[in-house]
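# An overview of the molecular structure
Spelled out, the chains give:
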Amino acid sequence: DTALLKNKFRGTMLGVLIGDCLGSPYEGLEKLSRLKKTVLQRKHDKLWETKFREPVMTYTDDSAMTRALAESLIEKRDLDIVDVAQRFAKSYYENPDRGYGAGTITILKQWKEHVDETNVKIPAKNLFDGLGSYGNGGAMKIAPVPLFAYNNYDKLLHYVKEVTKITHTHELGINGAILQAIAIQQSLHLNPSEELNVSNFVDNLISKMDKIGDDSSQLYKERLSIVKNLVSEEGDDPNEERVVQELGNSIRALESVPTAIFCFLRAQRRIRRIRTDNPLRRAIQYAITLGGDTDTIASMAGAIAGAFYGYEKFSIQLLSHCEEWELFREIGDKMLDLAMSQINK
Ligand code: F2R
Ligand code: MG
Ligand code: MG
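Residues numbered from 1 in each chain as written. Chains lettered and ligands numbered in written order. Predicted model: local features only at pLDDT ≥ 70, side-chain atom pairs only at ≥ 80, totals over all residues. Heavy atoms only, no water.

### Quick word on the layout of surface pockets
Applicable threshold: Only protein atoms enter the 1 Å grid, on which a cavity is a set of points fitting a 1.4 Å probe that cannot get out and a pocket is an open set with protein on both sides within 12 Å along at least 5 of 7 lines, lining residues being those with an atom within 4 Å of a point. Grid points are joined across faces, edges and corners, and a volume is the space filled by probe spheres set on the points. For helices the rule is a DSSP run of H or I covering at least 4 residues; for strands it is a run of E covering at least 2, with both sets numbered from the N terminus onward. The classification used treats Ala, Val, Leu, Ile, Met, Phe, Trp, Tyr, Cys and Pro as nonpolar, Asp, Glu, Lys and Arg as charged, and all other residues, Gly among them, as polar.
Here the largest pocket is characterised by a volume of approximately 390 Å³. As for the largest pocket, its lining consists of 25 residues, and the residues nearest its centre are Gly101, Ala102, Ser133, Gly135 and Ile251. For the lining of the largest pocket, the secondary-structure elements that each account for two or more residues are helix H3 (61-76), helix H5 (102-113), helix H7 (137-140) and helix H16 (294-309). Grouping the amino acids of the lining of the largest pocket by side-chain chemistry returns eight nonpolar, eleven polar and six charged. By volume, the second largest pocket amounts to about 230 Å³.

Right, here's the structure in full:
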């Protein structure tokens, strides 16, 4: 069904953007107190429901890098990591104040001088005394890859690794990007009119991480088991303190990608003090209440939820408050054309 797929591709790109725009004012703060949750609820009511034009909410590095990667895939009709690196650097120098990670800035500055096939992978390898970055920057910008390879799991794995390694060479950083990409791919293939089988969704992720088979994928498997336990708990109060303690809310991939998946899955049903019937809104709003790396966790949860529900679950009022939302929608459409042209290749 092309109409549904179009909706889902747009939803993925806009999920990245909206989660980032809504989450970024809270990045680095503690989990929200009861009072702050009420303030957040009112603010989101206004943003989602009123036609009144708010000042535009700007996006951060998460959306800037996602956009650059998607535009490279669209332009080159394949993954060209040198072109991706050039676009990352260009978009950084156009607006360096989007809150980039320190390690990523080091890489972007080195690429500014000159980047080609021989040196594109070098700066990332040298980061953090040669350990490479385990930040969530690989996962936060990966959404265009599951769109590009939406029907092909092996291609997805290959392309995620290739593109992530130019910024994140630590196994935890790479596997975080793989997990986020698989979660988006799974969501793209599910029918949003049918109830989501939450436990199957996690089991599929666990078995795919298991097949990767290295040490860090086992750590992700453990986190996913925690996701499964937490999501199966009854009641309407998924205690934020426990969620943060057991899954994390930090800038590290291991402490944020499983958390984003949890936000998407738990938002299938009611959450205390989040008043909305819209599970896509609930996923993003809940991610923000956890505090910590709110732009990135809300953006990753938004991408997975957007891939599942499609863009029509976002209100036009909300979209119109976000920087360049129409461009992100158009990128979704172009990614669909590209993905369709790839299917028989
Ligand atoms: N950087 C931020 N937020 C904090 C500052 C923004 C603030 N709003 C402001 O205005 O200043 N957010 C963005 O960064 C995250 C993605 O980060 P990425 O791209 O992975 O960067 P990096 O530098 O590679 O890793 C992040 C940090 O993690 C620590 N780290 C990573 N690997 C490490 C290793 N092997 N050893 C030790 N530490 C390691 C470092 O502190 C890195 O700087 C997103 O949240 C995005 O929104
Ligand atoms: Mg950011
Ligand atoms: Mg962040």
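### A word on the pattern of salt bridges
Heads up, the condition is: The salt bridge definition used is simple: a Lys or Arg side-chain nitrogen within 4 Å of an Asp or Glu carboxyl oxygen.
Inspection of every chain in the model, using the stated rule, returns 18 salt bridges. Between Arg272 and Asp237 there is a salt bridge whose closest N-O contact spans 3.9 Å. Taken as a pair, Arg272 in the loop between helix H14 (257-266) and helix H15 (279-289) and Asp237 in the loop between helix H12 (215-232) and helix H13 (240-247) lie far apart in primary sequence, 35 residues in all. The partner of Glu330 in a salt bridge is Lys334, with the nearest N and O atoms 3.0 Å apart. Linking Glu330 with Lys334, this pair stays in helix H18 (residues 325-342), spanning four residues, or about one helical turn. Where salt bridges share partners, they join Asp236, Asp237, Arg270 and Arg272 into one cluster.

### Things to note about the site of ligand 1
Selection criterion: Only heavy atoms are used to decide nearness, and a residue is near a molecule or strand if one of them lies within 4 Å of it. For this analysis, a polar contact is any N or O atom pair within 3.5 Å, provided that within protein one partner can donate a hydrogen and the other can accept it, and provided that sequence-adjacent residues contribute only side-chain to side-chain pairs. Per-residue accessibility takes into account occlusion by the displayed protein chains alone, with areas from the Shrake-Rupley method and a 1.4 Å probe. Whether a molecule lies in a cavity or pocket depends on its atoms, and more than half of them have to be within 2 Å of the grid points.
The environment of ligand 1 is formed by 22 residues, the closest being Gly103, Thr104, Ser133, His168 and Asp293. Measuring from an oxygen atom of ligand 1, one finds a backbone N or O atom of Ala102 at 3.4 Å. A distance of 2.6 Å separates an oxygen atom of ligand 1 from a polar atom in the backbone of Gly103. Contact with the protein chains hides 70% of the accessible area of ligand 1, taken as 920 Å² for the molecule alone. Because more than half of its atoms lie within 2 Å of the grid, ligand 1 is assigned to the largest pocket. Those elements that provide at least two residues to the shell around ligand 1 are H3, H5, H7 and H16. Ranked by the residues each element gives to the shell around ligand 1, the list is headed by H5, at three residues.

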